[in-house]
Amino acid sequence: MPESRPDIQTEADVKTLVDAFYDKVNADPLLAPVFNGFAHVDWPAHLPKMYDFWSGLLLHTSRYQGRPFLKHIPLPIAGEHFERWLALFFLTVDQLFAGPVAETAKLRARSIAQVFEARLNPSRLSIL
Ligand code: HEM
C-alpha cells in the first residue's frame, strides 16, 4: 500500500506537528498539570517558541536562540514524565507524517529527552 502521509517539509508542517503534540500534552493527566498547574505556561507565547525550536532542528532555520534545558530545571519531572512526553511526541509524528525528516524529529526528541533527564536526575542512570 502506498504511503499516504507526507514528510515534514514546511513551516506549516512544523506548526501542525507542534500544535497537535501540545493538544495531546494538554489532554494528558500526567503532563498537563506540569505545564498548566505548575508552570502556568502562557501557550500563545510558548507555541511560537516551539515552532522556532523544531523548525531549527528539522528545517535548519535559526530563529530559536534559547537555552531550553534551563527552563526544565525547576519542573517536578522524572523518568515517567519523559517517557510520556516521548510517547506522545512519537504518536503525534507517526499519526501525521512519515519519511526521513519525521524520523529525524523522533531521534532528536529522544536524544534531547535523554540528555535532559540525565542532567535532571543524574542518580537514576536511566540511559546507561
Ligand atoms: C517531561 C518532559 C517535559 C516537560 C514537562 C516540559 C515542560 C516544559 C515547560 C513547562 C516549559 C516552559 C514553558 C514556558 O516558558 O512557559 C518548557 C519549555 C521548553 N521545552 Fe520542554 N518539557 C519537557 C521536555 C522537553 C523536551 C524533550 C524538549 C526537546 C526535545 C523540550 C523543549 C523545550 C523548549 C525548546 C522549550 C522553550 C524554552 C525557552 O523558553 O526558550 N522540552 N518545557
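Worth saying up front: this structure is predicted, and the values here are computed from it rather than measured.

A.B. asks: A description of the site of the ligand should follow, citing residues and the corresponding values.
C.D. replies: If you check the shell around the ligand, you find 21 residues, and the closest are Phe-35, Lys-49, Tyr-64, Lys-71 and His-72. For the ligand, the cavity whose grid points lie within 2 Å of the majority of its atoms is the largest pocket. Among the secondary structure elements, those contributing two or more residues to the shell around the ligand are α2 (32–38), α3 (43–59), α4 (68–72), α5 (79–96) and α6 (100–120). Broken down by element, the shell around the ligand gets its largest block of residues, five residues, from α3.

A.B. asks: Would you mind going over the packing of helix α1 (residues 11–26) against α5 in detail, with residue names and values included?
C.D. replies: Two quantities define a packed helix pair, namely the angle between the helix axes and the distance between the axes. The interhelical angle for the contact between α1 and α5, taken along N-to-C directions, is 135°, at an axis separation of 9 Å. The orientation of α1 relative to α5 falls into the category oblique. Between α1 and α5 the crossing geometry is right-handed. Note on element contacts: α5 touches α1 through Trp-85, Leu-88, Phe-89, Leu-91, Thr-92, Val-93, Gln-95 and Leu-96, opposite Thr-16, Leu-17, Ala-20, Phe-21, Lys-24 and Val-25. Of the residues that constitute the contact of α1 with α5, the class distribution is ten nonpolar, three polar and one charged.

A.B. asks: So what's going on with the layout of surface pockets? Residues and values would help.
C.D. replies: Its volume calculated, the largest pocket comes out at about 750 Å³. Residue composition of the lining of the largest pocket, by class: 20 nonpolar, five polar and four charged.

A.B. asks: Any details on the coordination of the iron atom of the ligand? Residues and values, ideally.
C.D. replies: Just one protein atom donates to the iron atom of the ligand; it is His-72 (NE2), sitting 2.0 Å from the metal. Tracing the backbone through its elements, the reader meets His-72 in helix α4.

A.B. asks: With reference to specific residues and values, describe α1.
C.D. replies: Since the α-helix packs 3.6 residues into each turn, any two residues three or four apart lie on the same face. Look at α1: 22 Å from first C-alpha to last across 16 residues, which is about the 22 Å you get at 1.5 Å a residue. Regarding α1, the residues found buried are Asp-13, Val-14, Leu-17, Val-18, Phe-21, Tyr-22 and Val-25. Buried residues along α1 cover an arc of 155° about the axis, so they all sit on one side. Where α1 is buried, its residues touch α2, α3 and α5.

The rules behind the values
Residues numbered from 1 in each chain as written. Predicted model: local features only at pLDDT ≥ 70, side-chain atom pairs only at ≥ 80, totals over all residues. Heavy atoms only, no water. Near = heavy atom within 4 Å. 1 Å grid on protein atoms, 1.4 Å probe; cavity = no way out; pocket = protein on both sides within 12 Å on 5 of 7 lines; lining within 4 Å. Sits in = over half its atoms within 2 Å of the grid points. Helix = DSSP H or I, 4+ residues; strand = E, 2+ residues; numbered from the N terminus. Axes fitted to C-alpha atoms, helices over the stretch in contact; angles between N-to-C directions. Parallel < 35°, antiparallel > 145°, perpendicular 65-115°, else oblique. Left-handed = near helix turned anticlockwise from the far one by under 90°. Contact = heavy atoms within 4.5 Å. Nonpolar A, V, L, I, M, F, W, Y, C, P; charged D, E, K, R; others polar. Points joined across faces, edges and corners; volume = space filled by probe spheres on them. Donors = N, O, S within 2.8 Å, 3.2 Å for Na, K, Ca; no water. Expected span 1.5 Å × (residues − 1). Buried < 20%, exposed > 50% of the residue type's maximum accessible area, 1.4 Å probe, protein only. Arc of directions from axis to C-beta.

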